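# Coordinate inspection notes
Listed below are the residues making up each chain.
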Amino acid sequence: MQATGVRRSVHFDSGAVSALASSYVASLITVLILGPVNLVRLILVAGLFALNITSLTRVHLRLVSRPRLTDYALFTVNVVPYAYLLYPRPPAWLTISVAPLVLFMLEVAKGRGRGALANVAGTVLIASVYLPFYALMGGTVSMPVLYAALTWVAYHAFSAVYVEGKLPFRSVKPWLSSVLWFTVTPPLAALAITHLNWYFTIPLIEPSIRAIHALGEGKIDRNELRVRIRRIGFGSLAESLALVVTLLALIALYGH
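Residues numbered from 1 in each chain as written. Predicted model: local features only at pLDDT ≥ 70, side-chain atom pairs only at ≥ 80, totals over all residues. Heavy atoms only, no water.

## Observations concerning the nonpolar core
Membership of the largest hydrophobic core comes to 55 residues, with the highest contact counts inside it found for Trp93, Tyr130, Leu131, Phe133, Tyr147 and Trp181. For this core, the elements supplying multiple residues, two or more each, are α1 (8-34), α2 (39-63), α5 (116-127), α6 (130-136), α7 (143-166), α8 (175-195) and α10 (225-254). Here this core gets 12 residues from one element, more than from any other, and that element is α7. In contact with Tyr147, other than residues within four places in its own chain, are Leu188, Leu191, Ala192, Leu196, Phe200, Thr201, Leu204 and Leu247. Core analysis: the next-biggest nonpolar cluster, separate from the first, contains nine residues, Leu56, Phe75, Val108 and Ala121 among them. (Core = buried A, V, L, I, M, F, W, Y, C linked by side-chain atoms within 4.5 Å. Buried < 20%, exposed > 50% of the residue type's maximum accessible area, 1.4 Å probe, protein only. Helix = DSSP H or I, 4+ residues; strand = E, 2+ residues; numbered from the N terminus. Contact = heavy atoms within 4.5 Å.)

## Digging into unusual backbone geometry
One can expect most non-glycine residues to show negative phi and most peptide bonds to be in trans. That bond from Gly35 to Pro36 is cis: its omega, -5°, falls within 30 degrees of zero. Within the fold, Pro36 resides in the loop between α1 and α2. The omega angle of the peptide bond from Tyr87 to Pro88 is -5°, so this bond is cis rather than trans. Within the fold, Pro88 resides in the loop between α3 (69-79) and α4 (95-109).

## Quick notes on the layout of surface pockets
Estimates place the volume of the largest pocket at around 390 Å³. Lining the largest pocket are 20 residues, with Val79, Tyr82, Leu101, Leu125 and Val129 sitting closest to its centre. Put simply, the parts of the chain that give the lining of the largest pocket at least two residues each are α2, α3, α4 and α5. For the lining of the largest pocket, the element with the highest residue contribution is α4, accounting for four residues. Here the residues of the lining of the largest pocket are counted per class, giving 16 nonpolar, four polar and no charged. (1 Å grid on protein atoms, 1.4 Å probe; cavity = no way out; pocket = protein on both sides within 12 Å on 5 of 7 lines; lining within 4 Å. Points joined across faces, edges and corners; volume = space filled by probe spheres on them. Nonpolar A, V, L, I, M, F, W, Y, C, P; charged D, E, K, R; others polar.)

## Observations regarding the packing of α4 against α5
Two numbers describe how α4 lies on α5: the axes approach to 8 Å, and their chain directions differ by 145°. Classified by chirality, the crossing of α5 by α4 is left-handed. Residues Ser97, Pro100, Leu101, Leu103, Phe104 and Glu107 of α4 pack against Leu117, Ala118, Ala121, Gly122, Val124 and Leu125 of α5. For the contact of α4 with α5, the class distribution of residues is nine nonpolar, two polar and one charged. (Axes fitted to C-alpha atoms, helices over the stretch in contact; angles between N-to-C directions. Left-handed = near helix turned anticlockwise from the far one by under 90°.)

## Quick notes on the environment of His60
Among the secondary structure elements, His60 is positioned in helix α2. Taking the C-alpha atoms as reference points, His60 and Ser171, separated by 111 residues in sequence, lie 23 Å from one another.

## Here's the deal with α10
Relative to the 44 Å expected for 30 residues at 1.5 Å per residue, α10 spans 42 Å between its end C-alpha atoms, a close match to the ideal helical length. Among all positions in α10, only Leu225, Ile229, Ile232, Gly233, Ser236, Ser240, Leu243, Val244, Leu247, Leu248, Leu250 and Ile251 are buried. (Expected span 1.5 Å × (residues − 1).)

## A look at the packing of aromatic side chains
Here the structure, examined in full by the defined rule, presents nine aromatic pairs. Note on Tyr24 and Phe49: the rings are 4.2 Å apart at their centroids and 5° apart in plane angle, and the pair reads as stacked. You can see Tyr24 sitting in helix α1 and its partner Phe49 sitting in helix α2, a full 25 residues away along the chain. With 5.6 Å between their ring centres and 85° between their planes, Tyr147 and Phe200 make a pair best called edge-to-face. Here Phe200 lies in the loop between α8 and α9 (205-214) and Tyr147 lies in helix α7, a separation of 53 residues in the sequence. Over the face of the ring belonging to Tyr162 we find Arg210, whose NZ or CZ atom lies 5.3 Å from the ring centre. (Phe/Tyr/Trp six-rings, centres within 6.5 Å; stacked < 30°, edge-to-face > 60°. Lys NZ or Arg CZ within 6 Å of the ring centre and 35° of its normal.)

Given below as structure tokens:
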């Protein structure tokens, strides 16, 4: 989760780094559970993750402020390795990552890199690397894995909109996050029940409860902004870890 415009370190630490790291670890555990395990691929993807977490998260901050040509170049270096997934034929699930990437870059090009839409798109983009990491490791994107990825991305979109809605200087309202969540939940639940197992609906429960609470919430008082945003960030991190553990447990039990 991120809170751009409140404090730059908050955006960097609790947002990009935690989402990227948890997405990578989740993809690694998924491939270890489902296989096949290719040591060379694991090492190469670990190198890509190291590159992303040491430079992409930093250049992200510069892209949303005053980007230079070198920032765009560094961003390209971080993204190019994922082009391997385009051959021999781009998979349909790659849209999950391409869509927020295009939206984020369009907002940056328009000078709105610090806007709410760019923040949400950036958060979703970072969370969406779960599938690319997994595929680059050699994993096959099955229905349980795709469902986990969609739920993971939907949760981060919901959390990002929620944060934007709590900020007093944004026009976004907290209840918009609830609208988003309850828009994506029925298709996810239907996918789980019809193509997987009803147990896969369990990860949807906790965010749904939080979305109900968000319907009646208002903005954060400016005098409490730093403390409240930090508290929300830690809470969201704990919730996202609980979510990913639940999804991985379901993949281990029913993903084969």
